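Observations on the three-dimensional arrangement
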Amino acid sequence: MAKHHVSATVNGDPVEFLCETEDTLLDALRDSLGLTGTKEGCSTGDCGACSVTVDGRLVCSCLMLAVEAEGKAVATIEGMAQGDTLHPLQRKFLEHAALQCGVCTPGFLVAAKALLDRSPEPSETEVRYWLAGNLCRCTGYDKIVRAVLDAAAELRGA
Amino acid sequence: MLDKVKTDKPNAYDWIGTRPVRPDGVDKVTGRARFGADLAMPGQLVGKVLRSPHPHARIRSIDVRAAAALAGVKAIVTADDFPDQAAQLYAAGEQTVDYRDMVRNVMAREKALYEGHAVAAVAATSASIAKRALRLIRVDYEVLPHVIDPVAAMKPDAPLLHEDLITVGVEPRPKGPSNVAKHIEIGHGDITAGFRQADLVLERSFTTKPVHQGYIEPHAVVASVSEDGQADVWVTTQGHWMVRAMCARLLGWDIGKVRVTASEIGGGFGGKTVVYLEPVALALAKKARRPVKMVMTREEVFLASGPTSGAHVRVKVGVRKDGVIIAAEAEMAYQAGAFAGSPVGAGAMCAFAPYDIEHVKVVGYDVVTNRPKVAAYRAPGAPIAEFAVESVVDELAQKLGFDPIEFRLKNAAKQGTKAAYGPKFGPIGLIETLELAKAHEHWKTPLGPNQGRGVASGFWFNIGGDTSVSLQLNEDGTFSLTAGTPDIGGLRASLLMMAAEELGVNLDRIRVQIGDTGQLGYNMLTGGSRSTFSSGMATVEAARELKREACKRAAKLWELPEDAVEYRKGTVRPTGPNAGKHTPMALRDIAGIAGKTGGPIAGYARLNAQGAAPSFATHIADVEVDPETGKVMVIRYTAIQDAGRAIHPSYVEGQYQGGVAQGIGWALNEEYIYGPDGKLQNPGFLDYRVPVASDLPMIDTVIVEVPNPRHPYGVRGVGETPIVPPLAAVANAVANATGVRFPDLPMSPPRVLAALDEARSQGAAKM
């Protein structure tokens, strides 16, 4: 069967790719566009390692078909830093040692950014519930939650 | 970024004990870091595995003709592509694996022994073609009766997994086969006499369920084999030398022909210490003459990669009126999965390790069942054994009217104590962790309604082993450090700090990489909490060799004896009577004259790291139990553990916190659930629920430092001990809250509610 042609925007750049009907957005990002920062942990939407935003909305890219990206603006971890300047969340993750193996980290950062974009002053509980869709098996979440709260404070200029 | 350092306390060191940003950090927050599934080789095929739908079945025949005829299919392998192996053990970290079993686990031969057991594999030009090809493979199975529970598997009429399995460790040698692979017994003293001296004897039985390591990154490999037999493997693993040895053995190739590169690893916790896909990908790549990439789905990870054992444990402890534990006995049956080799040996050795007990006896059984072969999981075997023992110790303290910490202090192992598993302890920090727990504000804070508090201690041995590290002085005076133990959670940072400390230079002068199997001598895998200890020791040795060499070169230039030159903070200078006779030379200048004074300057350490030292911990857990639903929430947690020396305290804290989270999951939620059909009912993260951020509180940590005298900086190894105490700490807290003891894990809401209801009907519940 012929592949589908999809045009979209990824991290601000126009992209085009071909995909099979059953391919997910995650497949397209990783295999067609070479953006392997977005990770596959489960392919059932349970681990959040593949978190991206689509038109500003946080989604598991393993649960969205690649063809559905037509005309959409996708943001991935590769677009988070501005030039040499890391996003405050990225910097705070490093300063707080909020990663061990690092495979869940891109998903956490994308999800945390989506939280802070809508809720600049989250409580610890809000952070914990917002990030409940992102699994981390290494850290016990303590340092991740602290890093997100600290980044939020910095972004507010507090 | 590397100069951003927070220091906790006044410190004799420049770097040890500080908290710099890890050198691999930027790559990991920007998506640049390459994990197992992130590499694509030109022309690569997609490999997929056909797995048994039956928990136990004889394989009569496999017909691959239709699959092979499908356009786009480039290779198919079955057990026929892997020569059979004689029984021989390979030491993979904390476990030994038998090649005869391994070749059967990688690809089922005579029988499929668990649901998900690999029976064939396909390489094709796309994932969809590979999946279609799997559906075209015809396997003729003779379905056999199965056994899932280890106690049922020990019964004489249980279905036999291996018709030739004779129990090891029983005299006289059993005449017939059984599912009991091994019987072990350890201890000292006279257990019968010991119990006679006891004023109170308590005996309890416990069960735990198999739990998975739960690394977020599934197994993944890319393999390529050239026409002349030179093989390259890119793989997520805890040990690429282990992968090389096992693949070469299983395929009958020379070790030297196989080069393995470890990708970044997205968690392992012991689960990536054996091979599954790797030899299959190599066999497919050789047949197809193209690179083959294989990645497990999450379902495959649950079905076919190692969880740890479920177990039945009986513990009996005798105490004198004065609170001294005089005798202790345990009997434990651990299920190994489809092949022999549960961690029951380590469980038996750890069971009573925190205590100084005159009479000890532990008996263990290693039992095969129709489940995936267990793999190492963080302190393999210890959490199960110490859950049982620490629950009994807690109940004894309660019955005798002792404070549980005081009771433990009274019996705690210390330097000179003869451990239940044989040796005498050197300097250890158990008493320090108990004293700090007692003094901690957490221990004294009042509890609210429906809340309870529990405490438990834990132990792990830690190991050393074969290690190689190289350190090069580059032409401009910077350094390249190459280690061979995969960096699973901050290893590069701690090696960098030890190298910088030893060399007296800034962190940004050194770049650390994890080398492939062609770049260094043998390295044992990352496991046994050995990497910071062993690769750290080798790093220090390599740095010292490099410093000696730098001094030698200056001595040659200055025409001085070698010992008349000293190294200080990145420079070499004349010393003793010659001090001041020559201007000190910076390493940049030494590097510049390397060619004229004997060639490149480097240090290379290859050693078998000896002197690994145990790490003890004491944990305090607070829980709140919902009397209506039985849901248990951990509301506060403090982990206190002896690190020996915390090289990078943030990553030591992270190990404590991560181990606690896994232990809480084990205690409250996680379990492999099998139906009567012998099939796993929850092979996914939705139904196998690991703790998420909203399930947990902040996890406080206290780092105790009783230095290990055998390591240049006092390192003990910290990674595994943190998962040992939480099971009992949480269970003891639930008992404290409810008045009901929970000997069976997990303490999931339906179980807790049922137990509460029963206790309420007998007037025995506190809620």
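Residues numbered from 1 in each chain as written. Chains lettered and ligands numbered in written order. Predicted model: local features only at pLDDT ≥ 70, side-chain atom pairs only at ≥ 80, totals over all residues.

**Brief notes about the overall build of chain A**
Across its full length, chain A holds five helices and five strands. Counting from the amino terminus, chain A carries its helices and strands in the arrangement β-β-α-β-β-β-α-α-α-α. Taken over the C-alpha trace, chain A has a radius of gyration of 16 Å; the compact-globule value for 158 residues is 15 Å, and the two agree within 12%. With respect to the three principal axes, the spread of C-alpha positions in chain A is 55 × 30 × 25 Å. In chain A, buried positions account for 59% of the 158 residues. (Helix = DSSP H or I, 4+ residues; strand = E, 2+ residues; numbered from the N terminus. Rg over C-alpha atoms; globule rule 2.2 N^0.38 Å. Buried ≥ 20, exposed ≤ 12 C-beta atoms within 10 Å, placed from the backbone.)

**Topic: the interface of chain B and chain A**
Taken together, the contact between chain B and chain A spans 45 residues of the former and 43 residues of the latter. Of all elements in the fold, only α1 (25-30) and α19 (649-668) of chain B reach the threshold of two or more residues within the side of chain B that touches chain A. Here the element with the most residues in the side of chain B that touches chain A is α19(B); it accounts for eight residues. Of the residues assigned to the side of chain B that touches chain A, the class counts are 20 nonpolar, 17 polar and eight charged. (Contact = placed C-beta atoms within 7 Å. Nonpolar A, V, L, I, M, F, W, Y, C, P; charged D, E, K, R; others polar.)

**Remarks on the domain arrangement of chain A**
Residues and elements named next belong to chain A. The domains assigned to chain A are domain 1 (4-79) and domain 2 (88-156). When each unit is reduced to the centre of its C-alpha atoms, the spacing between domain 1 and domain 2 is 21 Å. On the domain 2 side, the residues contacting the 13 residues of domain 1 number 11 residues. (Domains from an automatic or database assignment.)

**Considerations on the environment of A:Ser7**
All names here are of chain A. Tracing the backbone through its elements, the reader meets serine 7 in strand β1 (residues 4-10). The exposure class of serine 7 is exposed, given the 12 C-beta atoms found within 10 Å. Sequence spacing of serine 7 and alanine 73 is 66 residues, and the spatial spacing of their C-alpha atoms is 9.9 Å. Setting aside residues up to four positions removed in sequence, serine 7 forms contacts with Glu16, Glu70 and Gly71.

**Comments concerning helix α8 (residues 278-288) of chain B**
All names here are of chain B. Among the 11 residues of α8, 10 are classified as buried, and the element is accordingly described as predominantly covered. Listed as buried for α8 are Glu278, Pro279, Val280, Ala281, Leu282, Ala283, Leu284, Ala285, Lys286 and Ala288. Looking one or two residues past α8, arginine 289 carries a phi angle of roughly 55°, positive in sign.

**With respect to the sheet that holds strand β17 (residues 359-368) of chain B**
Within a beta sheet, neighbouring strands are joined by backbone hydrogen bonds and run either parallel or antiparallel to one another. All names here are of chain B. Read across the sheet, five strands follow the order β9-β17-β16-β15-β10 without closing on themselves; strand pairing throughout is mixed. Bordering the open sheet on either side are β9 (180-188) and β10 (200-208), each of which pairs with just one other strand. Between one strand axis and the next, the sheet turns by 10° as a mean value, whatever way the strands run. Examined bridge by bridge, strand β15 (residues 311-319) and strand β16 (residues 325-337) share nine bridges and lie antiparallel to one another. (Pairing = 2+ DSSP bridges. Axes fitted to C-alpha atoms, helices over the stretch in contact; angles between N-to-C directions.)

**A look at the nonpolar core**
Grouped together as the largest cluster of nonpolar side chains are 315 residues, with contacts concentrated most on B:Val233, B:Val280, B:Leu284, B:Ala385, B:Ala499, B:Val730 and B:Val734. In this structure, B:Val280 is in contact with B:Gly47, B:Val49, B:Val77, B:Val106, B:Met107, B:Ala121 and B:Met294, ignoring residues within four places of it in sequence. (Core = buried A, V, L, I, M, F, W, Y, C linked by C-beta atoms within 7 Å.)

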